Amino acid sequence: MSDTRSKDEAAIRTVLAGIYQAWGNDADAFVADYTEDATAILPGSYRRSREEVRQSMADGFASFLKGSTTRDEIRSIRFLGEDAAVVVSETGILFPGETQVPADRVANATWVLEKRDEKWLLAAYHNSPANAG
């Protein structure tokens, strides 16, 4: 891997770490590295902008996601040209008192990032249950 790609991979990992560091308490920080036109697709929902994602996370952090944390393990980072990358991870939400994500809440996630003005930003996110059916 070239030195540039190593730096890009490290920067992408930092973006994802920042998103999960903000999980549970700070919707503004959660979307700080999203593009304005970012999309998020989760089972039963389609969020069409950074603001829609921010608002839904703020609502969740104030209610059913309050006190939760996440577990996220990057499975792969694949570059698409110079300024785009796809990350695949396994993720899940831990609610208060849980030490392990139950199998029915483990999801596979796809993150699409793009490099704008030398900064990696999240352009699209999608997740689906890892154990569907």
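Residues numbered from 1 in each chain as written. Predicted model: local features only at pLDDT ≥ 70, side-chain atom pairs only at ≥ 80, totals over all residues. Heavy atoms only, no water.

1. With respect to the overall build of the protein
Point 1. On a plain count of helices and strands, the protein comes out with 3 helices and 6 strands.
Point 2. Across the protein, helices and strands are ordered from the amino to the carboxyl terminus as α-α-β-β-α-β-β-β-β.
Point 3. Radius of gyration (C-alpha) of the protein: 15 Å, near the 14 Å computed for a compact globule of 133 residues.
Point 4. Summarising its shape, the C-alpha atoms of the protein cover approximately 40 × 30 × 25 Å along the three principal directions.
Point 5. A total of 133 residues make up the protein; the buried ones form 40% of that total.
Point 6. When the accessible surface of the protein is totalled, it reaches about 7400 Å², and 50% of it is carbon and sulfur.
Point 7. One finds the centroid of the 15 positive side-chain charges in the protein at a distance of 2 Å from the centroid of its 21 negative side-chain charges. (Helix = DSSP H or I, 4+ residues; strand = E, 2+ residues; numbered from the N terminus. Rg over C-alpha atoms; globule rule 2.2 N^0.38 Å. Buried < 20%, exposed > 50% of the residue type's maximum accessible area, 1.4 Å probe, protein only. Areas by Shrake-Rupley, 256 points an atom, 1.4 Å probe, with all protein chains shown as cover. Lys, Arg positive; Asp, Glu negative; His and termini not counted. Charge placed at Lys NZ, Arg CZ, Asp CG, Glu CD.)

2. A closer look at helix α3 (residues 50-61)
Point 1. Here α3 contains 12 residues, and its C-alpha end-to-end distance of 16 Å stays within 8% of the 16 Å for a straight helix at 1.5 Å per residue.
Point 2. For α3, the secondary structure elements touched by its buried residues are α2 (27-30), β1 (34-42) and β2 (45-47). (Expected span 1.5 Å × (residues − 1). Contact = heavy atoms within 4.5 Å.)

3. Points about the environment of Q100
Point 1. Secondary-structure assignment places Q100 in the loop between β4 (84-94) and β5 (107-116).
Point 2. The spatial distance from the C-alpha of Q100 to the C-alpha of R5 is 33 Å, given a sequence separation of 95 residues.

4. Section: the pattern of salt bridges
Point 1. For the coordinates displayed, the defined rule picks out 15 salt bridges.
Point 2. Here D8 makes a salt bridge to K115, at a shortest N to O gap of 2.9 Å. Remark: K115 occurs in strand β5 and D8 occurs in helix α1 (residues 3-21); sequence separation between them is 107 residues. The same class applies to D8 as to K115, namely buried.
Point 3. Between E90 and R71 there is a salt bridge, with the nearest N and O atoms lying 3.3 Å from each other. With E90 in strand β4 and R71 in strand β3 (residues 69-79), the pair connects residues that are 19 residues apart, well separated along the chain. (Salt bridge = Lys/Arg side-chain N within 4 Å of Asp/Glu carboxyl O.)

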